[in-house]
Amino acid sequence: SHLKRKHHDVYLLVQEEDRQDKVYRLQTQLQNSQSGNKNKNVVKTVKYGRDDDRKKILDRQVAIFIGGTSIANSVVENELFQSMLESFDARYEVPGRYQMRQQIDGIVDVMRENIMSALSKARRINFCADLWSKRGLTSSYLGLTAQFFCPTDNCIHCVVLAVRHLVYPHTG
């Protein structure tokens, strides 16, 4: 799979977490059967600890999802969103709005540092400014991108440096 080939360290963490989940469920079922619990299918869900590697991975993925879309940060407090994530992994508890904002800000800071580092290694940088308006000319935006070849990874990169709202009236 892609995860196994390209992100082997994350793959190993996920495999270990799956193994721990199976062991936990088996132990709980064994305890239920030994204690004479009539409902043997009930498994008490223990949430991930704050420092658990799996929780950190899931927190980061939720932060990337929220930061990369136009969804409000407050979605983490929405019961339907929490229920959806719980259906994916019952042990995962979504962090609060403040913690999620910190997570997103941390990811943005790392991305900014990576872009600055890659730009500093480039021999040439091409900039492109693009101006566009929404339908009905209700609002306009100016975007600035940079295209460059990075000798470190031998790849061409295109990064968005800024997108700004332009106040009406303006001239292109």
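Quick note: structure is the one above.
Residues numbered from 1 in each chain as written. Predicted model: local features only at pLDDT ≥ 70, side-chain atom pairs only at ≥ 80, totals over all residues. Heavy atoms only, no water.

Focus on the overall build of the chain
Then, number 1: Counting its regular elements, the chain contains five helices and three strands.
Then, number 2: Within the chain, the proportion of its 172 residues that are buried is 23%.
Then, number 3: Restricting the contact set of the chain to residue pairs at least 6 apart, pairs at least 24 apart contribute 43%.
Then, number 4: Of the roughly 13,100 Å² of accessible surface on the chain, 54% is carried by carbon and sulfur atoms. (Helix = DSSP H or I, 4+ residues; strand = E, 2+ residues; numbered from the N terminus. Buried < 20%, exposed > 50% of the residue type's maximum accessible area, 1.4 Å probe, protein only. Contact = heavy atoms within 4.5 Å. Areas by Shrake-Rupley, 256 points an atom, 1.4 Å probe, with all protein chains shown as cover.)

A closer look at the environment of R60
Then, number 1: With respect to the secondary-structure elements, R60 resides in helix 3 (residues 53–67).
Then, number 2: The spatial distance from the C-alpha of R60 to the C-alpha of I104 is 8.0 Å, given a sequence separation of 44 residues.

Details of a nonpolar patch on the surface
Then, number 1: A cluster of nonpolar side chains, namely I125, F127, L144 and L161, defines an oily patch on the protein surface of about 320 Å² accessible area.
Then, number 2: Within the secondary structure layout, L144 lies in strand 2 (residues 140–150).
Then, number 3: The partly exposed category is assigned to L144, whose relative accessible area is 32%. (Patch = residues over 30% accessible without salt bridge, like charges linked within 9 Å, V, L, I, M, F, W, Y side chains within 5 Å. Salt bridge = Lys/Arg side-chain N within 4 Å of Asp/Glu carboxyl O.)

Considerations on helix 3
Then, number 1: Along its 15 residues, helix 3 runs 21 Å from first to last C-alpha, staying within 8% of the 21 Å computed at 1.5 Å per residue.
Then, number 2: For helix 3, the full list of buried residues reads R54, K55, I57, L58, D59, V62, A63 and I66.
Then, number 3: With a side-chain oxygen positioned 2.8 Å from the backbone nitrogen of R54, the residue opening helix 3 is D52. (Expected span 1.5 Å × (residues − 1). Polar contact = N/O pair within 3.5 Å; in protein donor to acceptor, adjacent residues only side chain to side chain.)

Quick look at the sheet that holds strand 2
Then, number 1: An order of 1-2-3 is seen for the three strands of this open sheet, with the pairing classed as antiparallel. Looking along the sheet, the strands with just one partner apiece sit at the ends: strand 1 (125–133) and strand 3 (155–166). The average undirected angle you get between the axes of adjacent strands in this sheet is 20 degrees.
Then, number 2: In terms of strand pairing, strand 2 meets strand 3 through eleven bridges, oriented antiparallel. The partner of Q147 across the bridge, within strand 3, is C158. (Pairing = 2+ DSSP bridges. Axes fitted to C-alpha atoms, helices over the stretch in contact; angles between N-to-C directions.)

What to know about the environment of I64
Then, number 1: With respect to the secondary-structure elements, I64 resides in helix 3.
Then, number 2: Note on I64: relative accessible area 36%, which makes it partly exposed.
Then, number 3: With 43 residues separating them in the primary sequence, I64 and I107 have C-alpha atoms 7.7 Å apart.

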